[in-house]
Amino acid sequence: MFVSLDSAGMAACIGGAQVSVCYAAPGIQQEPAEALAHLAKRLDPVLITVILDFDERVMRMGFGDLAAVAVLRGAGIAVNRPGFAGGLNR
């Protein structure tokens, strides 16, 4: 299913997760990142998959926030890029 959500809507969906979450997007904003970090306290961070295709262009377009990525890393959530098996924090 594909749905268009704003950051608050994404955070609400993430907060209701019971088993796992897969977040795939060009970037991530603070609100969904904080929801994922909070979820990582309830679930094993390994059950949270984050795939971000962000670079300078994506950041300039407003799709991502580096501080949000730092929140994910601080929560022990691996941040991966498409085509890059090692992840951004490994």
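These remarks concern the structure in this document. All figures in this text were calculated on a predicted structure; none of them were measured in a lab.

Topic: a nonpolar patch on the surface
Part 1 of the reasoning: Taken together, the side chains of Met 1, Val 3 and Leu 5 present a nonpolar region at the surface, about 370 Å² in accessible area.
Part 2 of the reasoning: Relative to the assigned elements, Leu 5 resides in the segment before helix 1 (7-15).
Part 3 of the reasoning: Residue Leu 5 is classed as partly exposed on the basis of its relative accessible area, which comes to 39%.

Topic: the sheet that holds strand 2 (residues 48-52)
Adjacent strands of a sheet pair through backbone hydrogen bonds, lying either parallel or antiparallel.
Part 1 of the reasoning: The strand order across the open sheet built from three strands is 1-2-3, with neighbouring strands paired in parallel fashion. The open sheet terminates on both sides in strands that have one partner only, identified here as strand 1 (21-25) and strand 3 (79-80).
Part 2 of the reasoning: Where strand 2 meets strand 3, two bridges bridge the pair, whose relative direction is parallel. Residue Ile 51 lies in a different strand from strand 3, and its bridge partner there is Asn 80.

Section: the nonpolar core
Part 1 of the reasoning: Ranked by internal contacts, the top residues of the largest apolar core, which has 23 residues, are Tyr 23, Ile 28, Leu 36, Val 50, Leu 52 and Leu 72.
Part 2 of the reasoning: Here this core takes five residues from helix 2 (residues 30-42), the largest share from any one element.

About the criteria used
- Residues numbered from 1 in each chain as written.
- Predicted model: local features only at pLDDT ≥ 70, side-chain atom pairs only at ≥ 80, totals over all residues.
- Heavy atoms only, no water.
- Patch = residues over 30% accessible without salt bridge, like charges linked within 9 Å, V, L, I, M, F, W, Y side chains within 5 Å.
- Areas by Shrake-Rupley, 256 points an atom, 1.4 Å probe, with all protein chains shown as cover.
- Salt bridge = Lys/Arg side-chain N within 4 Å of Asp/Glu carboxyl O.
- Helix = DSSP H or I, 4+ residues; strand = E, 2+ residues; numbered from the N terminus.
- Buried < 20%, exposed > 50% of the residue type's maximum accessible area, 1.4 Å probe, protein only.
- Pairing = 2+ DSSP bridges.
- Core = buried A, V, L, I, M, F, W, Y, C linked by side-chain atoms within 4.5 Å.

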